[in-house]
Every structure is written in C-alpha cells, then in structure tokens.
Amino acid sequence: MKKCLLIIALVFMSITLAAPCFSAEPIKIGALYSLTGGMSSIDTPSLRGAQLAVKIINQNGGLLDGRMIELLSVDAKTDQKAAAIGAKKLLSKGVIAGIGHSDPSFVLPSAPLFQKKGIPFVTSGATLPTLPMMIGDCMFMVPFGDDDQSFAIADYSFKSLGVKNVAVWTDNSMDFTKTLSRFYKQRAQELGMKIVLEDFFMMGDKDFSAQIARLKNTSPKPDAVFISSIPNEAGLTTKQIRESGLTLPIVSGDGFDTELIVTVPGKELANDVYFSTHTYREDPRPEVIKFVEDYRKEYGVAPENAFAPLGYDAVALIADAITRANSAEPKALKESLAKTMGFKAVTGEISYTRPSGVPVKGVSIISVKKGKYSVEEIWFPTVK
Amino acid sequence: MDSGYIAQQLANGVILGSMYALVAIGFSMIYGIVRLINFAHGDIVMIGAFATLAFMETAGLPFPLVAFFVLLTGCSVGILIERISFRPMRGAPQVTGFIASLGISIMLQNLGILTLSAQPRNFSFPDYMQTLFQLGPVSFRVVDLIIILTAIFLMIALILLVKKTKLGIAMRATAENIDVARLMGININKTIMATFAIGSGLAGIAGLMWGGKFGQIDPLMGYIPGLKSFVAAVIGGVGSIPGAILGGFILGLAEVLFVGLLPPIYSSYRDAFVFGSLIIILIAMPNGLLGKNMEDRA
Amino acid sequence: MKTNRPRYSLAFMIIFLVVFSFFMDKTANDYLIAIVCFTGINIILAVSLNLTNGFTGLFSLGHPAFMAIGGYVTALLTFSIQKKPLFLPDLPQWMVSLHLPFFPALLVGGCCAALVALMVGLSVLRLKGHYLAVATMGFLIIIQVLLNNADSITRGPLGLNGLEDFTNVYWVAGWVVVTIYICWKIKFSSLGRSMLAIREDEMAANSLGINLFYTRSFALTAGAFFAGVAGGLWGHLITAMTPGSFSLIMSFNIVVMVVVGGTGSITGSITAAIIFTLTNECFRPLEENFGIYGVGEIVMSLILILILIFKPSGIFGTKEPDFVMGKHKHQN
C-alpha cells in the first residue's frame with residue numbers, strides 16, 4: 001500500500017515538474033556579439049547584460065504564458081564574415097528576433113539578412129543614425145544616434161563651458177568616430193564656435209605627443225579639445241594631454257564612457273573631462289540602481305562600460321514589445337517594437353517617433369573632476 | 001614649427017625607438033640562430049606587461065625586484081616556446097616555423113582573453129617615476145629617461161655578451177654555421193635555449209616599459225609591437241643585433257616624425273608612409289641596412 | 001608515362017560539384033549554403049596563393065590586398081546606377097555611369113587586382129625570403145590605409161553595403177573548377193616546372209635559362225587575379241565590404257591553409273581549405289554552449305602546431321597524391 005502511494009506521488013510530482021516543459025515552447029532570441037578579437041572588450045559586457053536580462057525575466061516567470069526566453073549567442077569574432085555566417089546560423093535556428101553588435105560595420109552584414117526574413121534586429125550599441133534607413137523596417141536601435149550625442153556635447157561645450165574656439169581630434173580608422181566628429185563640427189559651427197585645429201589619429205595608437213605638441217602651438221588658443229575616440233584611446237589621450245601640462249577641458253562622446261579615463265591618468269589628472277553618453281552612470285533612477293546591483297551580484301564586478309546596460313535593454317525592449325503584442329511572432333513583434341513609446345530602459349526612455357527610426361532618448365552629460373563622475377545635465381533632442 | 005617642437009618630437013621618437021629596439025633585438029637574435037621568425041615574440045611583450053601588473057599590484061613587490069622577476073618570466077616563456085614549437089621544427093622549411101609561431105601567438109592571445117578578459121587595464125609605476133622635468137625645450141618624465149637608459153644598458157650588455165663571453169661566441173658560431181659549431185663541441189641545444197631566453201627576457205622588459213609608459217595594457221597589445229619589431233629587424237638586417245637596434249630607432253623616429261612633421265591630414269596615412277619607406281629601403285638595400293646575406297651561408 | 005587518371009579525377013570533381021551544388025541549393029538552409037560558399041572561396045584563395053607561394057616559393061602576404069581590390073572594383077561595378085549617388089555622393093562622374101553584370105564585373109575585378117600585382121611585382125619581386133614577406137605585408141597595409149581614407153570611392157571605414165547577393169553555390173563551384181583547372185594546367189606545364197625549379201634553387205634555374213623575373217611576375221599576377229575574383233565573390237556573399245576585413249589576420253589564415261595542405265600541392269590546398277573552414281564552424285556549438293569563446297582558435301592552433309611538428313611539409317607535401325594522379329607517374 002505504502003509503495004503504491006509512493007509511486008503515485010512520484011508520478012504526480014514528475015508530471016507537475018514536466019508540465020511546464022510541455023506547455024511552454026521557449027522564445028528564441030539570437031545574440032550576435034564579437035566575443036573574441038578587437039571588439040571583445042566592448043561586446044562582451046553587452047552579452048553579459050543581455051544574459052542577465054534573460055535570467056531575470058525567466059526567473060520572474062518568463063513571457064506570455066510562462067514561456068522562457070532562450071538566448072542563442074554566436075561569436076562574431078570582430079570579423080564581418082563570421083558576423084554574416086553567425087546571422088545565417090541564428091536565422092536557421094528559428095529565432096524570432098536578434099540583438100547585437102556595437103559597431104555599424106558589423107550590423108551591415110548581419111541585419112539585412114534579418115530584414116530579408118522579416119525578423120526584427122535590435123542593435124544594442126551601434127549608433128549610426130542612418131542604420132534604420134539603410135536596412136529597413138526590421139532594424140531597431142536601442143541607443144541614441146551619433147547626431148544626438150554630438151549635438152548634446154556641442155551644446156554643452158558652448159552653453160555651459162563657454163567654449164568659443166575648439167580643437168577637434170578624430171580617430172580616422174572607425175566610422176563611428178568620424179561620424180561623431182562630423183556632427184560635432186556641424187553643431188559647433190551652427191552655434192558660432194570656431195574650429196581652430198583638426199587633428200587625426202588611429203585606433204591602436206599609443207603615442208599622441210605629436211598631436212599634443214600641435215595643440216600647444218595652435219593659435220588662437222583652443223578653449224577645449226573634442227576627442228572622438230573609442231574607450232581604448234580615451235584613457236591614453238587624457239593621460240598624455242594632462243601630463244603635458246595642458247588643463248583645457250577635454251570633451252567627447254560615449255567613447256569616453258569607461259573607467260579607463262580615471263584609472264589610466266590617475267585621479268589627480270582625470271580632471272575637467274566631459275562626455276555625452278547613454279543615461280545610466282551615476283543616475284539615481286530605480287531601474288539603474290537595480291541593474292547595477294543585479295550585475296554586481298551576477299558577475300562580481302560593476303558594469304564595465306555603458307554597453308552592459310545597453311545589452312540588457314535590448315532584451316528588455318524585445319520582452320516589453322512581446323508582452324504588448326501578446327505574441328512572439330516576428331511580424332507582430334516588429335509592429336509592436338515600432339510602436340514603442342516611453343519604454344523605461346536602464347539607459348533612458350525609448351520612443352520611436354521619428355521617421356528616421358532613431359529613438360528619441362535623453363543624453364547624459366557627465367563630468368569627471370579629480371576622478372569623480374557626476375551627471376551635469378540630461379539633454380533631450382528637440383523632438384521632430 | 002620651431003626647433004623646440006622638433007627636439008621634442010625627436011626625443012619622443014628615441015623613447016619609442018628604444019622600446020622597439022629591445023623587442024627587435026630578441027627577434028633578430030632568434031632569427032639569426034635558428035633561421036625562424038618567431039611571431040609570438042610580440043605576445044611575450046604582452047606577458048611581460050601583465051606579469052609586471054601581477055608582481056607590482058598583486059604581490060606588491062618593490063620595483064627593482066619586479067623588473068627582475070619580469071625578466072625571469074620573459075626568459076621562461078621564451079624557453080618554453082623554444083621547446084614546444086621551435087625545437088621540433090628545426091630542419092623544416094622556413095615557412096613552417098613561421099606558421100607554428102603564429103599558432104602560438106593566436107593561442108596566447110585567446111588564452112589571454114579567456115582568462116584575463118579583454119578589457120584594457122591600467123597600471124602605473126610608483127609616483128616618483130611620473131614626475132615631469134625639462135631638459136631645454138624638451139619635457140621628459142623620469143619613466144622616459146629610465147626607459148632609454150635601461151635600453152642602452154641592456155644593449156651594451158648584450159653586445160659585450162655576444163662579443164666577449166663564451167656563450168656569446170657559441171651563439172655567433174651557431175648562427176654562422178650550425179653543423180661546424182656542433183663539430184667544434186658547442187652544445188647546440190643549450191646555446192639555442194640561451195638565445196631564446198635572452199631574447200624573450202628582453203621582450204618581457206619591453207612589456208614592462210610599454211605598460212609603464214602608456215599606462216594601459218590588454219591581451220591583444222602584443223600584436224603591434226610584434227609586427228613592428230619584425231619590420232625593425234628587417235630594416236636593420238635580420239640576424240644582426242646592431243641592425244635590430246638601428247632598425248628599432250629608425251622605426252620609432254619615423255613613426256613619430258611622420259605624424260609630427262606632416263600636416264595633421266596625413267596622420268591617418270602614417271602606416272602607409274612607414275611601410276612605403278620600408279619597401280623603398282628594402283629595394284635599395286635588399287638585405288637591410290646592416291644585414292649580411294645569411295641565406296647563402298652553409 | 002601518362003595515365004588518364006588526372007582526367008578522370010577532374011571529371012569526377014566536376015560532376016561531384018555539379019551534383020553537390022544542386023543538392024545544396026535545393027535542400028540546405030542558408031547557414032549551410034553560406035558555409036559551403038565560404039569553403040569554396042577559401043579553396044580559390046588557397047589554390048591561388050599556392051601558385052605564388054607554393055609553386056614559386058614567393059613568401060607573399062599580400063593576397064588579401066588583391067582580394068580587396070578585386071572586391072571593391074566588382075562591388076562598384078555591380079552597384080546600380082540609381083543606388084550609387086545615394087551611397088557614394090562624392091563618386092566621380094565617370095565611375096557612376098559604369099555598370100556591369102556580375103560575371104564581367106568579377107573579371108574586371110580580377111584583372112584590376114592582377115594589374116596592381118604586376119606593378120607591385122616590378123618593384124618588390126627582387127627581394128627574397130622574409131624580406132619579400134615584409135614588403136608584401138607593407139603593401140597590404142598600404143592598401144588598407146588607402147581604402148580606409150578614400151572616402152569618396154569606398155566610404156572609408158564603414159565600407160560598402162547593400163551589395164546584391166549574387167554569390168550562390170553555382171557561382172562559387174564554377175569558379176572553384178576554373179581555378180583548380182587553370183592552376184593544375186599551369187603546374188604541369190613547362191611554366192609550372194620553371195616555377196618549381198625557381199623554388200628549389202634559383203641559381204640553377206637561372207643558369208638553365210629560366211627568366212626569373214617573368215616567371216615570378218606571372219606567379220604573383222596569376223595568383224592575384226584569382227584572389228581578386230575571390231574578393232568579388234566574398235563581397236557579394238556578405239553583401240558588405242570593409243577595409244578592415246582584409247587584414248594581416250586573413251593573410252595568415254590563407255598561408256596556413258597553403259602550408260598545412262602542402263606548399264605546391266593543389267590537392268593539399270583544397271583539403272586544407274575544407275578542413276580549415278569546417279573546423280572553424282564545428283567549434284562554434286562548443287563555444288556557445290559553454291560560453292568559452294576563443295577555445296576554437298586555441299584548439300585549432302594546437303592542431304596546427306601538431307600537424308607541423310609531425311608533418312612539416314604539410315599533409316600532401318609538394319606532390320599530388322596517388323589517388324588523384326594514378327600510379328607510376330613522374331611527378332613535379
């Protein structure tokens with residue numbers, strides 16, 4: 001008798017345990033990031049952010065009727081060919097959406113493949129404002145466009161820092177940095193600032209003594225220097241400029257959003273640096289605080305750079321769109337994404353109201369004074 | 001453009017050149033003795049840089065001791081590479097050894113990313129090294145001076161070693177004609193091992209300097225010094241130590257001066273200019289500046 | 001003593017490719033087709049580099065530069081006239097009006113690459129061994145820098161995108177056959193024998209009356225032509241082209257395929273290209289499931305080193321294997 005009861009109990013337990021497996025088919029989302037190669041320091045935090053989001057959503061019961069999200073991650077190896085193959089692989093696995101990439105030159109081989117199949121692709125980190133126009137209605141951006149962030153820091157330079165003459169340094173080896181400079185110069189000239197010096201360098205450069213010497217010898221003297229670079233050169237340029245004795249403000253875009261601008265020069269020299277970035281660092285919003293806490297708990301370190309919350313937001317955005325559409329079909333998901341309004345992401349509020357498809361998001365202007373980060377203001381684009 | 005500016009640029013070129021020279025020497029020594037290009041040489045620089053970080057911050061050792069341990073680390077890694085990859089390749093076609101060392105380079109880089117994470121890290125030397133001082137129109141930091149002095153010291157020590165000591169004579173003999181050297185009773189294996197050890201030790205120290213000068217290191221940082229040392233060694237004539245030193249300084253100066261003396265627009269063409277000049281030098285002097293035609297020997 | 005084996009091998013290969021392509025096209029998904037296409041492109045690259053490096057012994061690292069030239073030229077030619085002004089507003093007018101269908105565009109791309117190779121060869125081919133390696137490496141970097149900075153023609157670092165995805169299994173298979181056939185013919189002709197002679201002993205070859213310069217030039221130029229075509233196929237498979245893809249890393253990958261397969265052996269290059277491409281993909285599931293990215297590269301490097309330790313002249317050495325050539329054959 002006892003044995004019978006035991007067996008019945010066990011069978012019951014196994015059925016209840018197995019039941020979720022029967023009812024819920026996982027929602028597959030593909031993640032394309034460069035986890036090896038030159039972009040890995042930027043993309044790996046994005047993947048971690050995305051995985052964190054998936055974990056939390058699944059812990060809270062998944063989406064729709066208890067369906068779990070399955071994040072399929074493929075390494076793009078900082079190589080276009082691998083990115084294209086990776087995209088095809090994910091598509092052949094039946095993903096209902098894709099996320100990934102922090103640079104447009106990897107979005108360009110991958111996203112059109114998604115567009116062709118009608119599957120939405122949400123980039124977490126590529127900020128080229130013409131991406132949705134170039135690729136199609138399946139292309140969605142989590143971050144703001146380079147135009148917005150450049151305008152933001154240009155406005156700040158003029159209005160708050162009182163800059164009239166500015167020197168512009170551009171990393172000529174990346175499209176992101178060239179685009180950033182282009183928009184900064186455009187806005188600067190609209191505001192009446194004068195560009196007194198234009199200098200160039202390349203990603204991977206370590207020594208900026210020539211550029212610094214030219215900076216010192218320019219006349220009229222620049223009130224600030226705008227450095228368009230990615231994190232790898234951010235710390236190096238700041239350190240060398242300050243070490244040479246120059247105290248003029250250094251301004252930049254989200255390429256400067258990294259610990260390196262404080263750790264490499266040291267707290268004393270990390271002074272008078274201002275940059276525009278995704279709204280999350282030092283931000284008191286509850287989403288941000290929760291994210292930083294969860295990230296710390298999961299990975300044991302603070303988010304390495306802004307790309308971590310961006311990856312998180314990509315997944316969260318898709319999850320939100322799925323919930324609103326009450327469906328995980330790619331077509332419905334695409335339409336739901338396009339209607340996103342006021343989604344409270346960790347990196348700011350996302351709304352797709354413009355015809356260009358670039359989200360209307362706030363831009364944080366962050367200052368670094370003696371090694372301390374603080375949010376100076378939040379800039380909003382005049383909504384078109 | 002005044003003379004002060006040019007002087008400063010020259011100084012920067014010399015500093016950069018010393019680092020390239022240190023790496024190029026090791027590279028050239030190894031080529032001279034086993035006729036194989038060690039593509040993993042640049043990654044030894046990376047290992048040296050990370051070892052410096054480990055010894056300085058994790059173990060908290062005083063600076064001179066750190067330098068000593070980094071030298072040892074470089075030597076050990078070099079010996080390891082020689083044993084695993086180069087000894088079995090002796091006698092194989094040249095390209096084979098090159099590819100094998102490339103494999104090791106890829107392995108080291110990916111291991112670095114896997115275990116240390118790809119994020120760049122900072123490290124800084126003790127504060128007294130960072131102080132700025134002026135020498136006429138040129139501003140230096142103590143660290144820069146130490147780099148140049150150490151490089152010169154090591155180069156002189158190496159040349160003395162090669163010319164005066166028994167080991168040095170053995171190295172030169174083996175480089176010139178490995179079979180006759182063996183007949184003369186020289187222990188080839190030990191000599192080659194010593195060459196690798198010394199060359200890699202120098203690379204390790206170069207890593208320490210690189211990290212100290214720029215303040216930032218990451219697992220992929222070895223790629224560029226490795227490539228540049230290859231180019232520097234070739235400019236000076238592969239297999240020749242004075243050639244490597246010369247090549248290193250020429251490369252360092254060329255890089256800085258191209259960016260420094262030409263209008264800013266051309267800064268992005270820097271690599272093209274440097275390599276273009278390299279090709280011209282090679283066409284004019286096919287064996288490099290100080291090289292001997294080693295291929296025809298033995 | 002000539003056997004008909006090689007002819008049968010060739011016929012077999014062609015039939016196999018036709019059947020395989022048809023099968024792939026109808027049944028396989030996009031991912032598998034892409035892998036097959038990349039394998040084919042790698043075969044073209046390896047075999048053509050073998051012509052330069054393997055047969056003639058020229059240590060050239062410039063192959064990706066020729067790919068890039070061929071690729072960009074092909075892309076600019078296949079871009080429709082309406083699209084060009086949108087993507088490249090500063091393109092010179094004479095370039096805007098040029099438009100060719102895929103096949104002629106590939107040919108033009110290949111020829112441009114070959115032309116550049118000819119010019120480069122004039123200056124660089126007198127160098128030997130590792131010096132040639134550095135010079136070709138320098139050439140590669142120069143081309144990369146030029147492509148990166150010629151914004152009006154190439155759009156700089158962003159590169160070109162929106163290329164038509166012309167490349168399919170049939171195109172790739174077709175070019176694979178053409179490449180293998182031509183390189184095979186070259187190898188077993190007197191020109192091919194001259195090349196091998198130069199590789200073995202230059203002075204002896206010279207004293208036999210072989211014109212070193214012409215032969216080496218030919219090797220470089222012919223290899224470059226196929227690299228250019230491969231570049232065009234590549235671009236139209238990924239539908240995008242950036243200067244960054246044609247890097248030293250790609251150069252090494254191709255050299256690895258040639259060395260592992262056996263410098264001088266066409267069968268070797270084919271085999272190595274297939275193994276290389278497939279193993280790369282095979283490691284993906286392992287990496288993805290355990291989150292240990294980069295392990296694939298590490299293991300591949302280890303395998304590479306092991307192969308080189310135990311078989312330093314590559315899998316097939318410098319000869320074509322017996323099953324392809326037939327017995328009692330005088331080779332080389």
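Located above this text is the structure these notes cover.
The structure contained in this document is the topic of the report that follows. (Residues numbered from 1 in each chain as written. Chains lettered and ligands numbered in written order. Predicted model: local features only at pLDDT ≥ 70, side-chain atom pairs only at ≥ 80, totals over all residues. Heavy atoms only, no water.)

## Topic: helix α6 (residues 146-159) of chain A
All names here are of chain A. Helix length check: α6, at 14 residues, gives a terminal C-alpha distance of 20 Å against a target of 20 Å (1.5 Å per residue), a fit within 8%. Taken across its 14 residues, α6 has 12 buried, putting it largely inside the fold. Within the span of α6, buried status applies to D146, D147, D148, Q149, S150, F151, A152, I153, A154, D155, Y156 and S157. (Helix = DSSP H or I, 4+ residues; strand = E, 2+ residues; numbered from the N terminus. Expected span 1.5 Å × (residues − 1). Buried < 20%, exposed > 50% of the residue type's maximum accessible area, 1.4 Å probe, protein only.)

## Quick look at helix α9 (residues 223-236) of chain B
All names here are of chain B. The end-to-end C-alpha distance of α9, which contains 14 residues, comes to 20 Å, matching closely the 20 Å that a straight helix rising 1.5 Å per residue would cover. Burial runs high along α9: 12 of the 14 residues are buried. Within α9, the full set of buried residues consists of P225, G226, L227, K228, S229, F230, V231, A232, A233, V234, I235 and G236. Note on α9: the residue one or two positions beyond its end, G237, has a positive phi of about 105°.

## Here we look at unusual backbone geometry
All names here are of chain A. A cis geometry characterises the amide bond from S219 onward to P220, with omega recorded as 5°. Here P220 lies in the loop between α8 (209-217) and β8 (224-228). Of note, T78 is a non-glycine position whose phi angle comes to about 50°, a positive value. Relative to the helices and strands, T78 is located in the loop between β2 (69-75) and α3 (80-92). One non-glycine residue, D272, adopts positive backbone phi at about 60°. Structurally, D272 is set in the loop between α10 (260-263) and β10 (273-278).

## Some words on the packing of aromatic side chains
A full pass over the atoms with the stated rule returns 32 aromatic pairs over all chains. With a centroid separation of 5.2 Å and 20° between ring planes, the pair formed by F258(B) and F273(B) is classed as stacked. One end of the pair, F258(B), is in helix α10 (residues 241-261); the other, F273(B), is in helix α11 (residues 270-284), with 15 residues separating them in the sequence. Owing to a relative accessible area of 22%, F258(B) belongs among the partly exposed residues under this scheme. Ring-pair connections join several aromatic residues into one group, and the members of that group are F102(C), F103(C), F166(C), W171(C) and W175(C). Over the ring of Y299(A) we find R48(A); its NZ or CZ atom is 4.7 Å from the centre of that ring. The positively charged end of K81(A) is found above the aromatic ring belonging to F38(C), 5.2 Å away from the centroid. (Phe/Tyr/Trp six-rings, centres within 6.5 Å; stacked < 30°, edge-to-face > 60°. Lys NZ or Arg CZ within 6 Å of the ring centre and 35° of its normal.)

## Looking at the interface of chain A and chain B
Contacts between the two partners involve 33 residues from chain A, matched on the other side by 28 residues from chain B. For the chain A and chain B pair, buried surface summed over both sides reaches about 2,500 Å², with 55% attributable to carbon and sulfur atoms. Counting the surface chain A buries against chain B, the share from its top three residues, K206(A), R214(A) and E243(A), is 21%. At the surface where chain A touches chain B, the tally comes to 1 salt bridge. (Contact = heavy atoms within 4.5 Å. Buried area = accessible area lost by both parts, 1.4 Å probe. Salt bridge = Lys/Arg side-chain N within 4 Å of Asp/Glu carboxyl O.)

## Regarding the pairing of strand β14 (residues 372-379) of chain A
Pairing geometry for strand β13 (residues 363-369) of chain A and β14(A), over 7 bridges, is antiparallel. The partner of I365(A) across the bridge, within β14(A), is E377(A). (Pairing = 2+ DSSP bridges.)

## Concerning the interface of chain B and chain C
Tallying the contact residues gives 43 residues for chain B and 35 residues for chain C. Buried area between chain B and chain C, summed over both chains or domains, comes out near 3,500 Å², and the portion from carbon and sulfur atoms is 82%. Our count for the chain B to chain C interface comes out at 0 salt bridges. At the boundary of chain B and chain C, one finds 1 residue pair in polar contact (both at pLDDT 80 or more). For the side of chain B that touches chain C, the element with the most residues is helix α4 (residues 94-116) of chain B, which contributes 14 residues. Residues of the side of chain B that touches chain C, tallied by class, amount to 32 nonpolar, 9 polar and 2 charged. (Polar contact = N/O pair within 3.5 Å; in protein donor to acceptor, adjacent residues only side chain to side chain. Nonpolar A, V, L, I, M, F, W, Y, C, P; charged D, E, K, R; others polar.)

Coordinates in, geometry out; function isn't part of it.
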